[in-house]
Amino acid sequence: MPSLHALLLVVQAATSQSPRLVALKQEVARDVASRAQFTQQMVDQIFSFAELGFQETETSRYLIDLLRKNGFTVREGVAGIPTAWVATWGSGKPVISLGSDIDDIPQASQKPGVACHVPLIEGAPGHGEGHNSGQAVNITAVLAVKKIMEREHLPGTLQIWPGVAEELVGAKAYYVRDGLFKDVDIVLFSHVDDNLATSWGDIAGNGLVSVLFSFQGKSAHAAGAPWRGRSALDAVELMDIGWNYRREHLRLQQRSHYVIVNGGDQPNVVPPTASVWYYLRELDYPHIQELYALADTIAHAAAMMTSTTELPPRILGAAWPGHFNRVIAEDMYENMKQVGLPAWSDADQRLAKALQRDLGVPDSGLATKLDTLRPALKPNERTGGGSDDIGDVSWNVPTVTLRFPSNIPGLPGHNWANAISMATPIAHKGATAGAKVMAMTILDFLMRSELVTQAWDYFRNVQTKDIKYQPLIRPQDRPAIELNRDVMARYRPQMRRFYYDPSKYRTYLEQLGITYPTERAADGSCAGSATP
């Protein structure tokens, strides 16, 4: 395999990079590699906190303290969200902003490194998406770049922020409204994946509104005088029935789903209040608004049928469908080609294949071939899917997402299985690879002003030529910071005894006493099931 130096010389010739920039990118990649233990400890520490959206208090305090210790100025409580913050260092242009999510998944508690389902705490949340790793990518990269900027007297401002409550699409639209990106030149976002990857143009997924529909009825004795009651739960159930019948006649691109969050108090009381929470997903702003209006109409009709009152719907979150910048993505992908995928060990591959077999998917193991640069999708290729509120950011400033290889292919997502690799050498190596790419990309935009100009040209004259950002959140909407409070209050006391202590243990696996990798026993039982 060609050396990193030889490959960077090829890139220099292809992109007119100066010898100085090539040398600095080599240096920053070596610096990131030297910080591997620092990166690993951050990945493991955040994994152990395992906090749900809007309740990421331990995670945010840990990251804020770490950034302040390294010379960053931190503003807390951004956009009225207690766990949101923005850290800055440096001065002048360009302003390069880095973000990554920090929340996790309900009921996804899982012992890392064990290739079968073994919760640390039954029913507790866990990092079944892998959001414990992205801040390690960004902060490691930024500290390596900061060292060069100080020595070389490079102008520019580095900004870091957390994606709070991304699983609730609950924060980034408020960041935009709060002016967090007002003076930013480019945004580099990081997200866990099973390969090194980036893309440009419209993403495959949808935008959405997250809406709580609530109804007010009248209580009564459910057996003694049911005719005197008016059931708000009946309204919820009729709304859901109506929506499910209408779903057949909606566009194929839509995705919609709900949970009943309040169905009454007890069976012998006619429920006077009830609420249902919907995610309404579509490909673009007009269709999202159409879907929301339709849901509201069905809710109003359900209230009429039950002689209850539909209360004003509450928007709990929103996300525009994302669109990523071609100039930034193409530059980032060149850096990916220089860094390449990590060298996975036999133990890494054993864990991946054992888990894949356990889930009944092909046991292909971890990726060994770099993903391709994903170009813009054609309209007929956009068939709908998941959502991410980085979309709101992407329509306000040139943005891309760096996807880095810290998870295992073939997993279901939002599931305990996705937590298994996230405090293991797989996640540690993948985060280091991602940090190298991120650091090299930051240097490109710090030292090549023409790239910033070209990124904004694409943003203004291609991306937003015909489509302009309109917030899906309304002026009266506020972040739903109370969400997940009760769940975390229930589990946090038990979870504290599993917090990682890097002063005593080199890795979280060592602290938990887990042999890496641990597979199912020969008799089919799930090994490693004893509580540490």
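Residues numbered from 1 in each chain as written. Predicted model: local features only at pLDDT ≥ 70, side-chain atom pairs only at ≥ 80, totals over all residues. Heavy atoms only, no water.

### Things to note about the side chain of Thr441
Note the threshold: Numbering of helices and strands runs from the N terminus, with a helix taken as a DSSP run of H or I at least four residues long and a strand as a DSSP run of E at least two residues long. Each residue's exposure class comes from its accessible area (1.4 Å probe, protein chains only) as a fraction of the maximum for that residue type: buried when under 20%, exposed when over 50%, partly exposed otherwise. We define a polar contact as two N or O atoms separated by no more than 3.5 Å, with the added condition that, inside protein, one atom must be a possible hydrogen donor and the other a possible acceptor, whereas residues neighbouring each other in sequence contribute only through side-chain atom pairs. In what follows, residue pairs with any heavy atoms lying within 4.5 Å of each other are defined as contacts.
Tracing the backbone shows Thr441 in helix H12 (residues 425-447). A relative accessible area of 0% places Thr441 in the buried class. Polar contacts involving the side chain of Thr441 include one to the main-chain carbonyl oxygen of Val437, which spans 2.8 Å. Those residues within four positions of Thr441 in sequence are excluded, and the remaining contacts are Leu188, Asp331, Met332 and Asn335.

### Some points on the environment of Val114
The topology assignment puts Val114 in the loop between strand E3 (95-101) and helix H5 (134-152). For Val114, a relative accessible area of 1% corresponds to the buried category. The sequence separation of Val114 and Ala220 amounts to 106 residues, and the corresponding C-alpha distance is 51 Å. Contact partners of Val114, with chain neighbours within four places excluded, come to Leu351, Ile420, Ile514, Thr518 and Ala527.

### A closer look at helix H10 (residues 346-359)
Condition: Helices are assigned an expected span. That span is 1.5 Å times one less than the residue count.
Between the first and last C-alpha of H10 there are 20 Å, a value that for 14 residues agrees with the 20 Å anticipated at 1.5 Å per step. All of the buried residues along H10 are Asp348, Gln349, Leu351, Ala352, Ala354, Leu355 and Gln356. On the buried face of H10, the contacting elements are H12. One or two steps after H10, the chain reaches Gly360, where phi turns positive at roughly 75 degrees.

### Some remarks on the packing of helix H9 (residues 326-339) against H12
How two helices sit against one another is set out by the angle between their axes and by the gap between those axes. Rule in force here: Orientation is described by lines fitted to C-alpha atoms, with helices fitted over the stretch in contact, and by angles between N-to-C directions that extend from 0 to 180 degrees. To sort the angles, those under 35 degrees are grouped as roughly parallel, those over 145 as roughly antiparallel, those from 65 to 115 as roughly perpendicular, and the leftovers as oblique. Here a crossing is called left-handed whenever its near helix is offset anticlockwise from the far helix by less than a right angle, and right-handed whenever the offset is clockwise.
Remark: H9 packs on H12, axes separated minimally by 9 Å, with the N-to-C direction vectors making an angle of 130 degrees. Classed by the angle they form, the pair H9 and H12 counts as oblique. For the pair H9 and H12, the sense of crossing is right-handed. Along the contact surface, H9 presents Ile328, Asp331, Met332, Asn335, Met336, Gln338 and Val339, while H12 presents Ala433, Lys436, Val437, Met440, Thr441, Asp444 and Phe445.

### Focus on the confidence of the model for the protein chain
Basically, it comes down to this: pLDDT expresses how confident the predictor is about each individual residue, on a scale running from 0 to 100.
Mean pLDDT over the protein chain works out to 95, with 96% of the residues at or above the 70 mark. Counted against residues more than four places away or in other chains, residues 1-14, with its pLDDT under 50, gives 16 contacts.

### Observations concerning the state of the cysteines
Note the cut-off: For the purposes of this analysis, a disulfide is any pair of cysteine sulfur atoms at a distance within 2.5 Å.
Enumeration according to the criterion identifies one disulfide in this entry. Put simply, Cys116 and Cys526 are joined by a disulfide, and their sulfur atoms are 2.1 Å apart. Its S-S torsion of about 105 degrees marks the bond between Cys116 and Cys526 as right-handed, since a negative value means left-handed. Of this pair, Cys116 sits in the loop between E3 and H5 while Cys526 sits in the segment after helix H15 (508-512); the two residues are 410 residues apart in sequence, bridging distant segments of the chain. As far as burial versus exposure is concerned, Cys116 and Cys526 are alike and both buried.

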